[in-house]
Amino acid sequence: MIDGRTRLLGLIGWPVAHSLSPAMHNAAFAEQGMNWVYVPLPVPPGQVEAAVRGLVALGFRGANVSVPHKQAVMPFMDELSDSVQALGAVNAIVVREGRLSGENTDWRGFLVALRAGGFDPGGRRALVLGAGGGARAVVYALTSEGLPVSIYNRTPARAARLAHDLQKHVPEAEISLLETLPSDLKGFDLLVNATPLGMWPESDASPWPDDVPLPPHLTVFDLVYRPRWTKLLRQARQAGARPIGGLEMLVHQGALAFEMWTGSAPPLEAMRAACEKVLMEG
Ligand code: NAP
């Protein structure tokens, strides 16, 4: 029951109606019997500063930040974590004693999901497709773990910018840029799709061509989570490779934020089930 003691969290974005996060976090609070609530907060461009300052004024404990405000909130934070400075994006805000901390749990969510899926990053090589916000989080995560990463993006200049920006924060990062998709994946252990190719309603699309086999030793991580079994993940499964879906990254970034806000261990199963339910309902 919402009452005078209910603690508040929200999602700042524009639009926010399609997000799985309210269902995921409210399911977690219900599961733990916690008097917290997580609400969608649609914030139009131009209102970002007022919205962020409003979090403090209204006694919010924190918020998630979604597209298109992940960069726009940065100037209004009192502190930025190292990963936010490297990635240039905040996806979670924690309010502590009136101060706003900008955090990023996307990259850690990716790493936790990768490990939970059975991939041990030690001594491996990765190919990342895409160079947008998701790819930044992935490349930061992998290079921070010491993996050499190759990037292929439709627009090569954007991949070059990503590499340049990240190398300022992770100087030892080994990043190489590919002009074309490689003709085989023998030299790689991990393939990550960080493009929207395959996302509903274009569910028949894949970033990987049908006529180039995926080797069975490969782990294939698709950031796309709608549908759960993307064409790329189905290609991986058919080839005997290990598929990991984007829902795991979403759930783990949410779980990390839940822990930061509440100090409690996140109920992962309830969070995953709530997301699956929303996805099944369409
Ligand atoms: P973004 O910043 O807009 O970047 C999109 C990237 O995909 C760019 O590199 C773009 O290339 C490339 N791309 C777009 N359309 C393409 C096409 N038709 N063919 C080839 N490349 C194409 O998007 P984002 O935020 O990184 O998100 C990418 C995907 O990851 C989305 O589906 C998103 O939902 C998902 N995602 C999931 C999670 C999760 O928690 N599971 C987290 C973040 C993102 P150009 O540079 O050439 O435009």
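Before going into details, it helps to say that this report is about the structure given with it. Nothing here was measured: the structure is a model prediction, and the numbers come from that model. (Residues numbered from 1 in each chain as written. Predicted model: local features only at pLDDT ≥ 70, side-chain atom pairs only at ≥ 80, totals over all residues. Heavy atoms only, no water.)

**Remarks on helix H1 (residues 21–32)**
Given a rise of 1.5 Å per residue, 12 residues ought to cover 16 Å, and the 17 Å separating the end C-alpha atoms of H1 matches this to within 8%. Residues Ser21, Pro22, Met24, His25, Ala28 and Phe29 constitute the buried set of H1. Tucked into the core, H1 has its buried residues touching strand S1 (7–13), strand S2 (36–42), strand S3 (62–65), helix H8 (246–262) and helix H9 (268–281). Positive backbone phi, approximately 65 degrees, marks glycine 33, located one or two places after H1. (Helix = DSSP H or I, 4+ residues; strand = E, 2+ residues; numbered from the N terminus. Expected span 1.5 Å × (residues − 1). Buried < 20%, exposed > 50% of the residue type's maximum accessible area, 1.4 Å probe, protein only. Contact = heavy atoms within 4.5 Å.)

**Considering the site of the ligand**
Around the ligand lies a shell of 20 residues, among which Ala131, Gly134, Asn153, Arg154 and Thr155 are the nearest. Leucine 250 is positioned with one of its backbone polar atoms (N or O) 3.5 Å from an oxygen atom of the ligand. Taking 920 Å² as the accessible area of the ligand by itself, protein coverage stands at 74%. Counting only elements with at least two residues in the shell around the ligand, the list comes to helix H5 (133–144) and H8. With 3 residues, H8 is the largest single contributor of residues to the shell around the ligand. (Near = heavy atom within 4 Å. Polar contact = N/O pair within 3.5 Å; in protein donor to acceptor, adjacent residues only side chain to side chain. Areas by Shrake-Rupley, 256 points an atom, 1.4 Å probe, with all protein chains shown as cover.)

**As for the packing of H5 against helix H6 (residues 156–169)**
The contact between H5 and H6 brings their axes to 11 Å, and the two run at 45 degrees. Considering the angle they form, H5 stands oblique to H6. Our pair here, H5 against H6, has a crossing hand that is right-handed. Of the residues in H6, those in contact with Ala135, Arg136, Val139 and Tyr140 of H5 are Arg161, Leu162, Asp165 and Leu166. (Axes fitted to C-alpha atoms, helices over the stretch in contact; angles between N-to-C directions. Parallel < 35°, antiparallel > 145°, perpendicular 65-115°, else oblique. Left-handed = near helix turned anticlockwise from the far one by under 90°.)

**Focus on the sheet that holds strand S4 (residues 79–80)**
On the basis of which strands lie adjacent, the open sheet formed by 6 strands has the order S2-S1-S3-S5-S6-S4 and mixed pairing. Here the strands that pair on one side only, and so sit at the sheet edges, are S2 and S4. Relative to strand S5 (residues 92–96), S3 runs antiparallel, the two being bridged by 3 bridges. Note that in S5 the partner of glycine 62 across the bridge is valine 94. Lying on the sheet, H1 is in contact with S1, S2 and S3; it crosses S2 at an angle near 170 degrees. Running at roughly 5 degrees to S5, H8 makes contact with S1, S2, S3, S5 and strand S6 (99–103) of the sheet. (Pairing = 2+ DSSP bridges.)

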